[in-house]
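Report on the structure
Chain by chain, the residues:
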Amino acid sequence: MDAAIGDGRLTVADLQGSPRRRRKEALIRRLLFGAGALSIVINVLIVVTLFDGTVDFLSSVDLSTLWTDGWFPRRNQFDVRTIVAGTLLVSAIAMVVAAPLGLGAAMYLSEYASPRSRRALKPILEVLAGIPSVVMGFFALTWISPNIMQRFWDATAFNVGAAGIGVGILITPLVASVAEDAMFAVPRSLREAAYGLGAKKRHTTIRIVFPAAVSGIVAALILGLSRAIGETLVVAIAAGGTGGSLFSLDPTQPGQTMTAAMTALATGSDQVKGASEAFPSLFFVGTLLFLMTLSLNVVSERFVRRVRKRY
């Protein structure tokens, strides 16, 4: 098909552009496809490595060692309850801290702060999300533990409660930033309609804006929970379960999480390799952590899709 333009004629080949430009675009397309395919291959290899190591570990260890008094891998005691309960306990404490603080900060920035205050506070909030974990770990050990846990409870110097509070402070800016973006994206017309009906600002925030942004708020909480589950250094420094831990649900006592257990065991892994099944247990714990985070993400994705509203 061609068309007459002036005195010349424009063909389909002319519309396709120069061959040099088409070659460049094809090259860019291949590079982008290769990058995407490489990321998939890397993830598949990681999963295959984890499952292969897990199968080797489970086939060479007595399954009764997976249900003992505690997690002491160098003694061939691999109690799954200890590290799973420790992970869930730290994450629960962290969310008790981060959820109200993060959502409160999000509501203030989205609904109450002036545009000038929001422009000043939002970057500061996002910078706080980048606090190094090792800094928060030492803060939890040297301030949170003596001034909060040991003052109000009969806690040891190293305890799960201090680690959970430290993780909660660490993920609060993340929860607040993502939730604030979701609330700020709610159309202004919904707020104006509520004000037109005589609703106060707090009623509009809680009953109109919050439900309208619930999918983004849930995503923020799930993101914070995933970050809490995967946190390592804060727990490794403040919880005190470096060499292992007995099974306990007491936040005033030392404990162990999955990530901290992997860190403690992998430190000096050249010596760990010769210690019976201690080193292969790293793959087992990694697989547990992978399955936990994968299940959490799948459930949260389905929930967000179900409650998401389009405007």
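Residues numbered from 1 in each chain as written. Predicted model: local features only at pLDDT ≥ 70, side-chain atom pairs only at ≥ 80, totals over all residues. Heavy atoms only, no water.

1. Re the sheet that holds strand E5 (residues 245–246)
Pairing between the strands of a sheet comes from backbone hydrogen bonds, and it takes one of two forms, parallel or antiparallel. The antiparallel open sheet is built from 3 strands, whose spatial order is E4-E3-E5. Either end of the sheet is taken by a strand with one partner, and the two such strands are strand E4 (77–78) and E5. Here strand E3 (residues 70–72) pairs with E5 via 2 bridges, running antiparallel. Of the residues in E5, the one forming a bridge with Gly70 is Leu246. (Pairing = 2+ DSSP bridges. Helix = DSSP H or I, 4+ residues; strand = E, 2+ residues; numbered from the N terminus.)

2. With respect to the side chain of Asn159
Mapped onto the secondary structure, Asn159 falls in the loop between helix H5 (133–152) and helix H6 (160–184). Judged by relative accessible area, which is 0%, Asn159 ranks as buried. Excluding its chain neighbours within four sequence positions, the residues that come into contact with Asn159 are Ser145, Met149, Ala238, Ala239, Pro251, Thr252, Gln253 and Pro254. (Buried < 20%, exposed > 50% of the residue type's maximum accessible area, 1.4 Å probe, protein only. Contact = heavy atoms within 4.5 Å.)

3. Concerning the domain arrangement of the protein
As assigned here, the protein comprises domain 1 (2–60) and domain 2 (64–310). Between the C-alpha centres of domain 1 and domain 2 there is a distance of 36 Å. Taken together, the contacts link 9 residues of domain 1 with 11 residues of domain 2. Roughly 880 Å² is buried in total at the junction of domain 1 and domain 2, and carbon and sulfur atoms are behind 82% of that figure. The interface formed by domain 1 and domain 2 holds 0 salt bridges in total. Our count for the contact surface shared by domain 1 and domain 2 stands at 3 residue pairs in polar contact (both at pLDDT 80 or more). Of the residues that constitute the side of domain 1 that touches domain 2, the class distribution is 5 nonpolar, 4 polar and no charged. (Domains from an automatic or database assignment. Buried area = accessible area lost by both parts, 1.4 Å probe. Salt bridge = Lys/Arg side-chain N within 4 Å of Asp/Glu carboxyl O. Polar contact = N/O pair within 3.5 Å; in protein donor to acceptor, adjacent residues only side chain to side chain. Nonpolar A, V, L, I, M, F, W, Y, C, P; charged D, E, K, R; others polar.)

4. Brief notes about the packing of aromatic side chains
For the structure shown, the criterion picks out 7 aromatic pairs. A centroid spacing of 5.8 Å and a plane angle of 70 degrees characterise the contact between Trp71 and Phe78, whose relative ring orientation is edge-to-face. Ring centres 6.3 Å apart and planes at 65 degrees place the aromatic pair Phe152 and Trp153 in the edge-to-face group. Put simply, the rings of Phe57, Trp71, Phe78 and Phe284 pair up and form one aromatic cluster. When the ring centre of Phe72 is taken as reference, the NZ or CZ atom of Arg75 above it lies at 4.3 Å. When the ring centre of Trp67 is taken as origin, the NZ or CZ atom of Arg81, which lies over that ring, is 4.6 Å away. (Phe/Tyr/Trp six-rings, centres within 6.5 Å; stacked < 30°, edge-to-face > 60°. Lys NZ or Arg CZ within 6 Å of the ring centre and 35° of its normal.)

5. What about unusual backbone geometry?
Of note, the phi angle at Asn76 is positive, near 60 degrees, even though the residue is not glycine. Within the fold, Asn76 resides in the loop between E3 and E4.

6. Description of helix H3 (residues 80–112)
Helix length check: H3 (33 residues) gives 46 Å between terminal C-alpha atoms against 48 Å at 1.5 Å per residue, within 8%. Of all the bends in H3, the largest measures some 30 degrees and sits at Ala98, one to four residues before the proline Pro100. (Expected span 1.5 Å × (residues − 1). Bend = angle between axes of the 7 residues up to and from the residue.)

7. Concerning the pattern of salt bridges
Applying the stated criterion across every chain yields a total of 7 salt bridges. The salt bridge involving Arg227 is made with Glu231; its shortest N-O contact spans 2.4 Å. Residue classification places Arg227 among the partly exposed residues on the basis of a relative accessible area of 31%. Taking the relative accessible area as the measure of exposure, Glu231 reaches 3% and is therefore buried. What emerges from the salt-bridge pattern is a single network uniting Arg118, Lys122, Glu180 and Asp181.

8. A word on the nonpolar core
Within the largest apolar cluster, 25 residues are counted, with the highest numbers of intra-cluster contacts made by Ile165, Val167, Ile171 and Val235. Not counting residues up to four positions away in its chain, the partners in contact with Ile171 are Ala94, Met95, Ala98, Gly224, Arg227 and Ala228. (Core = buried A, V, L, I, M, F, W, Y, C linked by side-chain atoms within 4.5 Å.)

9. Observations concerning the environment of Leu223
With respect to the helices and strands, the residue Leu223 is situated in helix H9 (residues 214–230). We classify Leu223 as partly exposed; its relative accessible area is 40%. Separated by 48 residues in sequence, Leu223 and Val175 have C-alpha atoms that sit 7.4 Å apart. Contact partners of Leu223, with chain neighbours within four places excluded, come to Leu174 and Val178.

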